[in-house]
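Observations on chain architecture
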Amino acid sequence: VDDGEAQMSKFECFFFKQKTAYEMLRSLVGSEMCIRDRFIAIKGVVFDVTKSDFYSPGGSYHIFAGKDCSVALGKMSFEEEHLNVYQKTKLTAGEMDILEDWYQKLGSKYRKVGQVVESKKED
């Protein structure tokens, strides 16, 4: 178990698995919790980026707060259409390399607090 995974509490893992990550992240946007705590998802992992002003309102990466930004980071894009679409978008090999670089960089700086777990659709 890596240090980041060891830091994830059972509560945090449970919290993130209750809804799809997109539903959960969207529900945090504008909420008291999101104002106090900021989260982003990359490659199926949710990171707490609260300690960085980059993700605060007015920060360079605020558009990513509360969203899965995997595709946007891989494409080096700030376009809304590239947010919350990681499971539905195929990236090129070059874009995957860029995304992996971002994942490693963010993984070394921020605490992992959950995983993207898609909810089962009920028939």
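Look a little higher up for the structure.
Here's what I pulled together on the structure shown here. (Residues numbered from 1 in each chain as written. Predicted model: local features only at pLDDT ≥ 70, side-chain atom pairs only at ≥ 80, totals over all residues. Heavy atoms only, no water.)

**Some words on the pattern of salt bridges**
- Counted under the stated rule, the structure contains three salt bridges.
- When the shortest N-O distance is used, the salt bridge between Arg111 and Asp48 registers 4.0 Å. Of this pair, Arg111 sits in strand E3 (residues 111-115) while Asp48 sits in strand E2 (residues 45-48), placing them 63 residues apart in sequence.
- Glu95 is the salt-bridge partner of Lys75, the closest N and O atoms lying 3.2 Å from each other. Residue Lys75 is found in helix H5 (residues 70-75), and its partner Glu95 is found in helix H6 (residues 93-109); the two are separated by 20 residues along the sequence.
- Given a relative accessible area of 15%, Glu95 falls into the buried group. (Salt bridge = Lys/Arg side-chain N within 4 Å of Asp/Glu carboxyl O. Helix = DSSP H or I, 4+ residues; strand = E, 2+ residues; numbered from the N terminus. Buried < 20%, exposed > 50% of the residue type's maximum accessible area, 1.4 Å probe, protein only.)

**Looking at the sheet that holds E2**
- Strand order in the open sheet formed by three strands is E1-E2-E3, and the pairing between neighbours is antiparallel. The strands lining the two open edges of the sheet, one partner per strand, are strand E1 (39-42) and E3. Strand after strand, the sheet turns through a mean of 35° between neighbouring axes, direction not considered.
- Bridge count between E2 and E3: four bridges; the pairing is antiparallel. In the sheet register, Val46 faces E3, and the bridge partner there is Gly114. (Pairing = 2+ DSSP bridges. Axes fitted to C-alpha atoms, helices over the stretch in contact; angles between N-to-C directions.)

**A short note on unusual backbone geometry**
- Even without being glycine, Met76 reaches a positive phi, approximately 55°.
- Within the element layout of this structure, Met76 appears in the loop between H5 and H6.
- A relative accessible area of 56% means that Met76 is categorised as exposed.
- The backbone of Asn84 shows a phi angle near 60°, a positive value even though the residue is not glycine.
- Tracing the backbone through its elements, the reader meets Asn84 in the loop between H5 and H6.
- Accessibility expressed as a relative area gives 13% for Asn84, which makes it buried.

**Focus on the packing of aromatic side chains**
- On inspection of all chains with the given rule, the structure shows eight aromatic pairs.
- Each ring, one from Tyr61 and one from Phe78, has its centre 6.0 Å from the other, and the planes form 10°; the classification is stacked. Remark: Phe78 occurs in the loop between H5 and H6 and Tyr61 occurs in the loop between E2 and H5; sequence separation between them is 17 residues.
- Here Phe78 falls in the partly exposed class, since its relative accessible area comes to 46%.
- For the ring pair Tyr61 and Trp102, a centre distance of 5.9 Å and an interplane angle of 80° mean the geometry is edge-to-face. Residue Tyr61 is found in the loop between E2 and H5, and its partner Trp102 is found in helix H6; the two are separated by 41 residues along the sequence.
- Here the aromatic residues Phe54, Tyr55, Tyr61, Phe64, Phe78, Trp102 and Tyr110 are joined through ring pairs into a cluster of three or more.
- For Lys43, the ring lying beneath its charged end belongs to Tyr103, and the centroid distance is 4.8 Å. (Phe/Tyr/Trp six-rings, centres within 6.5 Å; stacked < 30°, edge-to-face > 60°. Lys NZ or Arg CZ within 6 Å of the ring centre and 35° of its normal.)

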